[in-house]
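# A closer look at the structure
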Amino acid sequence: MRYFFIALSLAACAAERQPGEFFGSVDADSEWVVDGVLLVDQPLPPIFVRRVLPADQPYRQTAAGVADARVQVAQGDRVFEYAADEDWPGRYVPPPEAARVEAQTEYRLEVEVAGKRVQARTTTPDRVRVRETVLVDEETMEVLRSLKTFAEAGDGVYTAPENQLVYLEDLLEIRLETVAVDAYQLGMFAMEPNLKSVDDDILDFFDEDDPETLRANPSPPLNVSDGIVRMPWLAVLFEGRTLVKVFALDHNWFEYARSSPDLQEQGGLGGLVGENFERPFFEVEGGIGLFGSASVDSVGFFVVPRP
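Now for a quick tour of the structure. (Residues numbered from 1 in each chain as written. Predicted model: local features only at pLDDT ≥ 70, side-chain atom pairs only at ≥ 80, totals over all residues. Heavy atoms only, no water.)

### Overview of the nonpolar core
- In this structure, I174, L176, Y184, V236 and F301 are the most contacted members of the largest nonpolar core, which totals 31 residues.
- Counting residues per element, the ones that place at least two in this core are strand 10 (129-136), strand 13 (171-177), strand 14 (184-190), strand 16 (228-231), strand 17 (240-249) and strand 18 (288-304).
- Of all the elements, strand 14 adds the most residues to this core, at 4 residues.
- Residues within four places of I174 in sequence aside, it is in contact with V130, E132, T133, G227, I228, V229, V244, V246 and V299.
- If you look at the next biggest cluster of nonpolar residues, it comprises 22 residues, including W32, I47, V111 and A120. (Core = buried A, V, L, I, M, F, W, Y, C linked by side-chain atoms within 4.5 Å. Buried < 20%, exposed > 50% of the residue type's maximum accessible area, 1.4 Å probe, protein only. Helix = DSSP H or I, 4+ residues; strand = E, 2+ residues; numbered from the N terminus. Contact = heavy atoms within 4.5 Å.)

Encoded structure:
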């Protein structure tokens with residue numbers, strides 16, 4: 001199974017992770033699973049509450065989803081009572097009057113289910129901003145051109161001549177105004193309705209039978225102390241419109257991502273060489289799962305196949 005984020009459909013598309021994605025092969029059928037990711041300047045997200053099914057039982061949303069929990073998210077003295085989604089077992093939605101997520105603010109999650117209490121808290125990062133995105137010569141590291149931003153061109157970033165990138169030619173640098181976080185993470189999203197691989201052989205490296213499962217591609221946690229993210233071409237799988245989201249991670253998201261078995265295989269921050277975590281780190285009391293936060297900015301471009 002692949003992590004994501006997607007704490008990245010994570011966050012890009014409001015993902016629903018199955019309980020097995022949180023703890024791999026660990027049999028924890030007595031534990032409750034909570035799942036929610038807050039993004040700065042965006043509305044409060046849905047919160048998922050599930051029970052862990054026995055390892056020998058096929059996963060079913062109706063069996064795992066908990067429909068009778070009490071769920072609330074608090075920010076200072078403000079408490080937002082969530083309501084159960086009648087059409088989606090285990091999904092809880094914030095009240096209509098809920099404010100957008102603020103930067104550098106603590107949020108507290110409390111779930112009461114079956115006489116037990118599950119709690120977690122996150123402090124949101126400061127806002128992250130892409131200062132500029134440039135294409136540089138791979139040998140001389142000379143800046144060849146700057147790409148148009150969403151602020152400058154909107155969705156025109158995908159058609160702007162500056163943003164047409166030939167696959168495997170030169171290097172793309174995303175230059176950030178850094179914030180005080182443990183790590184960053186990239187989410188690569190193929191935006192074309194019909195996916196076409198950049199290389200006929202590249203999808204053979206993945207176990208997935210359906211290319212749609214690779215439409216969202218996360219990176220391991222990244223150390224960006226110099227403010228520069230160099231996009232690896234190996235992370236680009238498809239031609240056409242491509243969206244890159246840069247996430248500045250809170251402590252909870254970072255701990256979960258760095259200890260996720262799937263992302264350990266990709267390398268990145270977290271452990272020593274040869275060190276493996278049997279299960280991810282959960283910053284949750286009374287259960288498992290992820291209640292974390294991030295700030296995010298985006299870059300868009302068009303991937304052109306090699307001549």
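### Points about helix 5 (residues 251-259)
- With respect to burial, helix 5 is a largely interior element, 8 of its 9 residues being buried.
- By the burial criterion, the buried members of helix 5 are N252, W253, F254, E255, Y256, A257, R258 and S259.

### Things to note about the pairing of strand 9 (residues 116-123)
- Where strand 8 (residues 106-113) meets strand 9, 8 bridges bridge the pair, whose relative direction is antiparallel. Within the sheet, the bridge partner assigned to V111 lies in strand 9 and is V118.
- Linkage of strand 8 to strand 9, two consecutive antiparallel strands, is achieved through a turn of 2 residues, within which A114 is found at a positive phi near 50°. (Pairing = 2+ DSSP bridges.)

### Some points on the pairing of strand 14
- Where burial is concerned, most of strand 14 is hidden: 7 out of the 7 residues are buried.
- Residues Y184, L186, M188 and A190 line one face of strand 14 and the alternating positions Q185, G187 and F189 line the opposite face, and both faces are buried.
- Of the pairings in the sheet, the one linking strand 14 to strand 17 comprises 7 bridges and is antiparallel in character. In the strand pairing of strand 17, F189 is matched with L243.
- Relative to strand 15 (residues 216-218), strand 14 is paired through 3 bridges, and the arrangement is antiparallel. Across the sheet, residue F189 finds its bridge partner in strand 15, namely A216.

### Some thoughts on the sheet that holds strand 10
- Read from one edge of the open sheet, 4 strands run 11-10-13-16, paired in antiparallel fashion. Of all strands in the sheet, those with a lone pairing partner are strand 11 (143-146) and strand 16, marking the two edges. Neighbour-to-neighbour, the strand axes of the sheet open up by a mean angle of 30°, direction not taken into account.
- One ladder, built from 3 bridges, connects strand 10 with strand 11; its direction is antiparallel. (Axes fitted to C-alpha atoms, helices over the stretch in contact; angles between N-to-C directions.)

### Notes on the sheet that holds strand 5 (residues 78-81)
- The strand order across the open sheet formed by 4 strands is 5-4-8-9, and the pairing between neighbours is antiparallel. Two strands lie at the open edges of the sheet, namely strand 5 and strand 9, each paired on one side alone. Neighbour-to-neighbour, the strand axes of this sheet turn through a mean angle of 20°, independent of strand direction.
- Both strand 4 (residues 70-75) and strand 8 contribute to a ladder of 5 bridges, which runs antiparallel. Bridge pairing links V73 to L109 in strand 8.

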